[in-house]
Amino acid sequence: MSTDDHLIYMANQIARNFAASGVEAAIKATADHITAFWDPRMKARLFACQAKGEAGLGDIAAAAVERLQGQPAQ
Amino acid sequence: MAWIGEIDLGTRPTPANDKALVSLIIDGQAIEVPEGTSIMRAAALMGTTIPKLCATDSLDAFGSCRLCLVEIEGRNGYPASCTTPVVPGMVVRTQTEKLKTLRRGVMELYISDHPLDCLTCPANGDCELQDQAGAVGLREVRYGYDGRNHLAVEKDESNPYFDFDPTKCIVCSRCVRACDEIQGTLALTIEDRGFASAVSPSQGQDFLSSECVSCGACVQACPTSALMEKKVVEIGTPDRAVVTTCAYCGVGCTFRAEMRGEELVRMVPWKDGKANHGHSCVKGRFAWGYAQHQDRILNPMIRSSVDEPWQEVSWEEAIAYTASEFKRIQAKYGARSIGGITSSRCTNEETFLVQKLVRQGFGNNNVDTCARVCHSPTGYGLKTTFGTSAGTQDFDSVEQADVIMIIGANPTDGHPVFASRMKQRLRQGAHLIVVDPRRIDIVRTPHVEADFHLQLRPGTNVAVLTAMAHVVVTEKLYDEGYVRARCDWDEFQDWAEFVGQAVHSPEATEALTKVPADLVRDAARLYATGGNAAIYYGLGVTEHSQGSSTVMAIANLAMATGNVGREGVGVNPLRGQNNVQGACDMGSFPHEFSGYRHVSDEATRKMFEQAWGVPLSAEPGLRIPNMLDAATDGEFKGIFIQGEDILQSDPNTTHVAAGLAAMECVVVQDLFLNETANYAHVFLPGSTFLEKDGTFTNAERRIQRVRKVMEPKNGYADWEIVQLVANAMGLGWTYGHPSEIMNEIAALTPTFKRVNYKALDEHGSLQWPVTDAAPAGTPTMHIDAFVRGRGHFVVTDYVPTDEKTGPRFPLLLTTGRILSQYNVGAQTRRTDNVLWHEEDRLEIHPVDAEDRGIRDGDWISLRSRAGETTLRALITSRVAPGVVYTTFHHPDTQANVITTEYSDWATNCPEYKVTAVQVMPSNGPSEWQQSYREQAAHSRRIAGHVAAAE
């Protein structure tokens, strides 16, 4: 698994584990989790994958990434 | 045998809840003792030692030696003081002419069948028989020494650590009783009757081939030199002792390191140790020889390429090279291009310094620890649900448990000293539920049998726990009063609605979990209604794709049934390494400072910035697997690894090797040239736990002192080495002793506020939080309220792993450890413990073996999509059909060549416990094994040395 594939896999895995709490709650929880635990380079790389349109992110993970990209950088 | 100066009160104390006091007179002196106390103990408490041989205060009174006789006014005869309890108004005499005559008579009989070789006896005066001969004034033996005796019976020297000399045995049964009452293995018995009575391991076997687990309890209990450590035989008796803490598992046993000069003679479990109460296992008690092993590297070494042999250099040159390389890499690739890994085998102080080096010196948060690969889901799960990343109880709590549920842990192998406590409680009548894919020993062991063994398919923990929760909710077995008072009721209702769905019922999940629904139902009912219910879990919970979910599912179950916040209950992670808890506490994770405070928390960060004088990053750093990914991508170029062998212990070895090989400076600080060092450019020799001061924190949050008993053979304690590196990088640290580091930890970490070495010495140990409100520590957490306020129920959906069996890989591999070996085996493989486990073997069910034409002991190929290795088969029904199991102690096998990159969704803890594999007969090592051996031999060359160090 390449690093990009691994990051996408991780994001989807996080989203799947929050999915049972409902879509909106899962999007928020996924975004919060990535914010709390991912190194900035990992986040930037995931965003880049998303921007290229080849991310393969599920709906919840993709929405979480969009939400994160809309946030101001720390 | 008790250490000189350590008082043996003869019999055990009465239970703490028995507070009534009894007044009596002993030898004319009035004394008050708790009801139920023996006369022997009462006398000892007032300073009068009644002669004894079969009695010792670690065992139940036995009354066989007839030496401790006393006279009691108004009673006929001469009762044994060890088995006679005090009563109000009793008048006792311990020394009369008649008693003296009787005792001398008893001693004459003992001595008439005992070798008179005291001058050459290994006990060398440290012998209770000799003491008692003196105490009773024995001057002659009227029977002579020529009668029938046992003096020609051969010694049993089969055990590598102790001898059994039957000629010295007085058949007092202390060894037999220790094996029963302390260890709980019942490997020893007294065979035959009368004159022929003899101590016998198992069915007349020698010690090594018997069921004996070499815990040493029998050796410690023996009043003569019948059972004696080989090291005492070889070296002689010790003349000083230092109390310190074991560096093996997370139980954290305290020991007396008994010394003669600078030489360690033996490690004897300390009676006052609050984690172990005087018990030990084969590792802590005996397997410390690695500290003096010839493989230890004592000189620093550097090289510019792993293809070159190591060059031994001075400490100054090695440290300067390390600092210059890290600075060069950061100048070229950026501040975030390097990081560090702290060790759960090192002290709190050392761990704190490594993460400080990374945050303050490297200027980033790229620090992680080996807890990443074991209990990181515990940190996440328990912090989310309860508010703190730690177990809820002390070990003593198990004595109040009515139901013990063990999930994904194998305590008799992994945490043997605590397992003995657990077994004693089970023998008293507590119930046992085991959730494990293997039939681990505690499922059925002498006098212990699990009420329920839920032998689930690996990877289905969440499904089983949710099914149990389904039963609790749908049968209304939850504790509504507790939940309403202590937890968020709305969240509970959401959770209850979720687990109550029919799809989560035991019947619906049976096809998935392979656990019969009625077993799940009965186990859930027992857990919820059986009284105090305590959960103990291990890496079989955490090392899964759903590790964090499983921890939270456990917490949900405990909260729903009101089983958190008092003695006898709780959620208890059994930590693997000695200082996993401490390493996590000390801020070793890339997203948090010490005390589990997130790096983005401004107030906390400012406090550290002020203390350390540098700005600190508010963004999390890289975890170990992310560091390796970044390394293979060319973005991560240097790493400082203290006391951790990621090449052997981390999953998907090929990927780990590729990551390390891609770095420009790998610094390894360790005792030995471990597997990771094959890819290192700097080797900084480490010190053992015997050679330094500090503290470890065990699985019950107990902070205990590690005390230096000898000078570091490598020249420096590990904390000093980190300080040298830090100062070479310009940080200006000035610690003169680890106590100063602890003072800094306490100043910066609220849960450690009142921890300091003086307080630790005064209390013996302290369980955090140690605060102004709880200066003596906190044995039980969440008593009146959860740390986070209200307990947080989390919906834990069962998300199956993506690791699937199929035609190519039809079996599921799960991995674990064994009693005699520890983790990657770097220490235990360098001791005689290899006699019990000289190689990793693959456990396979007879049906699966027969399908493949595999016989017991055959070499087999174990293959997954990640890699292939070769090892020998062990055919056993301990594993279910479709499941295979192996240990990861030997680098020749490298079980982690097989494990994959899948990991826990929340923490990236690797999924060691579920790998789809195929097993086939083999007649040689795998291609990987061959190439690895060649690479390892090549990499371990040391310039000027004839042979490699391993």
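Before reading on, note that the structure itself is shown above.
I will try to describe carefully the structure that is included in this document. (Residues numbered from 1 in each chain as written. Chains lettered and ligands numbered in written order. Predicted model: local features only at pLDDT ≥ 70, side-chain atom pairs only at ≥ 80, totals over all residues. Heavy atoms only, no water.)

### Notes on the overall build of chain B
To keep things clear, this is the line we draw: The way it works is that DSSP assigns letters per residue, a run of H or I at least four long becomes a helix, a run of E at least two long becomes a strand, and they are numbered from the N terminus. Radius of gyration here uses only the C-alpha atoms, and the compact-globule reference equals 2.2 Å multiplied by the residue count raised to the power 0.38. Exposed residues in this analysis have more than 50% of their type's maximum accessible area, buried residues have under 20%, and partly exposed residues fall in between, with area computed by a 1.4 Å probe over protein chains only. Note on contacts: a residue pair is in contact if any heavy atoms of the two residues lie within 4.5 Å. Asp and Glu count as negative and Lys and Arg as positive, but His and the ends of the chain are not part of the count. By convention, charge coordinates are those of NZ in Lys, CZ in Arg, CG in Asp, or CD in Glu.
Along chain B, the regular secondary structure elements total 29 helices and 36 strands. Rg of the C-alpha trace for chain B: 29 Å, near the compact-globule value of 30 Å for 950 residues, within the 12% margin. For chain B, the spread of C-alpha atoms along the three principal axes comes to 90 × 75 × 65 Å. Out of the 950 residues in chain B, the part that is buried amounts to 65%. Residue pairs in contact within chain B that sit at least 24 positions apart in sequence constitute 72% of those at least 6 positions apart. Averaging the locations of the 89 positively and 118 negatively charged side chains of chain B gives two centres separated by 2 Å.

### Thoughts on the state of the cysteines
Residues and elements named next belong to chain B. Applied cut-off: The criterion for a disulfide is a pair of cysteine sulfur atoms lying within 2.5 Å.
Applying the stated criterion across every chain, the model contains 0 disulfides over all chains. Cysteine Cys65 is unpaired, with the sulfur of Cys54 as its nearest cysteine sulfur at 3.9 Å. No disulfide involves Cys665; its nearest neighbouring cysteine sulfur is the one of Cys346, lying 18 Å away.

### Things to note about the packing of aromatic side chains
All names here are of chain B. What counts here: The aromatic pairing rule takes the rings of Phe, Tyr and Trp, using the six-membered ring of Trp, and pairs them if the centres are within 6.5 Å, calling planes under 30 degrees apart stacked, those over 60 edge-to-face and the rest tilted.
Scanning the model with the defined rule gives 28 aromatic pairs over all chains in all. Ring geometry for Tyr161 and Trp836: centres 6.1 Å apart, planes at 25°, overall stacked. Pair noted here: Tyr161 is in the loop between helix 3 (128–135) and strand 5 (162–164) and Trp836 is in the loop between strand 31 (811–816) and strand 32 (841–844), with a separation of 675 residues, a long-range link. Judged by centre distance (5.8 Å) and plane angle (70°), the rings of Trp733 and Tyr735 are edge-to-face. For Trp733, a relative accessible area of 6% corresponds to the buried category. In this structure Tyr735 comes out as buried when scored by relative accessible area, which is 10%.

### Re the sheet that holds strand 11 (residues 263–269) of chain B
Each strand in a sheet pairs with its neighbour through backbone hydrogen bonds, running either in the same direction (parallel) or in the opposite one (antiparallel). Residues and elements named next belong to chain B. Counted only if it meets this: Strand pairing is defined by DSSP finding a minimum of two bridges between the two strands. Angular values range over 0 to 180 degrees, each being the angle between N-to-C directions of two axes fitted as lines to C-alpha atoms, with helices fitted over their stretch in contact.
Spatial strand order, 9-10-11: 3 strands in an open sheet with antiparallel pairing. Edge positions in the sheet fall to strand 9 (240–245) and strand 11, since each has one partner strand and no second. Mean inter-strand twist for the sheet, computed between neighbouring axes without regard to direction, equals 30°. Where strand 10 (residues 254–260) meets strand 11, 6 bridges bridge the pair, whose relative direction is antiparallel. When the bridges of strand 11 are listed, Glu258 appears paired with Arg266.

### A closer look at the layout of surface pockets
All names here are of chain B. We count it as follows: Here the term cavity refers to a set of points on a 1 Å grid, laid over the protein atoms alone, in which a 1.4 Å probe fits but cannot get out; the term pocket refers to an open set having protein on both sides within 12 Å along at least five of seven lines, with lining residues being those that place an atom within 4 Å of a point. Grid points are joined across faces, edges and corners, and a volume is the space filled by probe spheres set on the points. Polar here means any residue other than Ala, Val, Leu, Ile, Met, Phe, Trp, Tyr, Cys and Pro, which are nonpolar, and Asp, Glu, Lys and Arg, which are charged; Gly is therefore polar.
What the largest pocket holds in volume is close to 1,600 Å³. Every residue lining the largest pocket is counted, 41 residues in all, and those nearest its centre are Arg12, Pro13, His277, Glu399 and Arg421. Those elements that provide at least two residues to the lining of the largest pocket are helix 4 (174–183), helix 5 (217–221) and helix 12 (416–427). The element that contributes the greatest number of residues to the lining of the largest pocket is helix 12, accounting for 6 residues. Split into classes, the residues belonging to the lining of the largest pocket amount to 11 nonpolar, 14 polar and 16 charged. The space that makes up the second largest pocket amounts to roughly 970 Å³.

### Some details on the side chain of Ser594 of chain B
In this fold, Ser594 of chain B is placed in the loop between strand 23 (592–593) and strand 24 (597–598). The contact partners of Ser594 of chain B, leaving out residues within four places of it in the chain, are Phe352, Asp585, Met586, Gly587, Phe608, Leu748 and Thr749 of chain B.

### Comments concerning the pattern of salt bridges
Residues and elements named next belong to chain B. Heads up, the condition is: Counted as salt bridges are all cases of a side-chain nitrogen of Lys or Arg within 4 Å of a carboxyl oxygen of Asp or Glu.
Overall, the coordinates contain 65 salt bridges over all chains when judged by the stated rule. For Glu507, the salt bridge is made with Arg521, and the minimal N-O distance between the two is 2.8 Å. On the criterion of sequence distance, the pair formed by Glu507 in helix 16 (residues 506–513) and Arg521 in helix 17 (residues 517–529) is long-range, its members being 14 residues apart. With a relative accessible area of 44%, Glu507 lands in the partly exposed category. Look at Arg521 and you get buried, because its relative accessible area is 17%. Here Glu762 and Lys758 are joined by a salt bridge, their closest N and O atoms 3.0 Å apart. Placement of the pair is Glu762 and Lys758 together in helix 27 (residues 757–763), with a separation of 4 residues, close to one helical turn.

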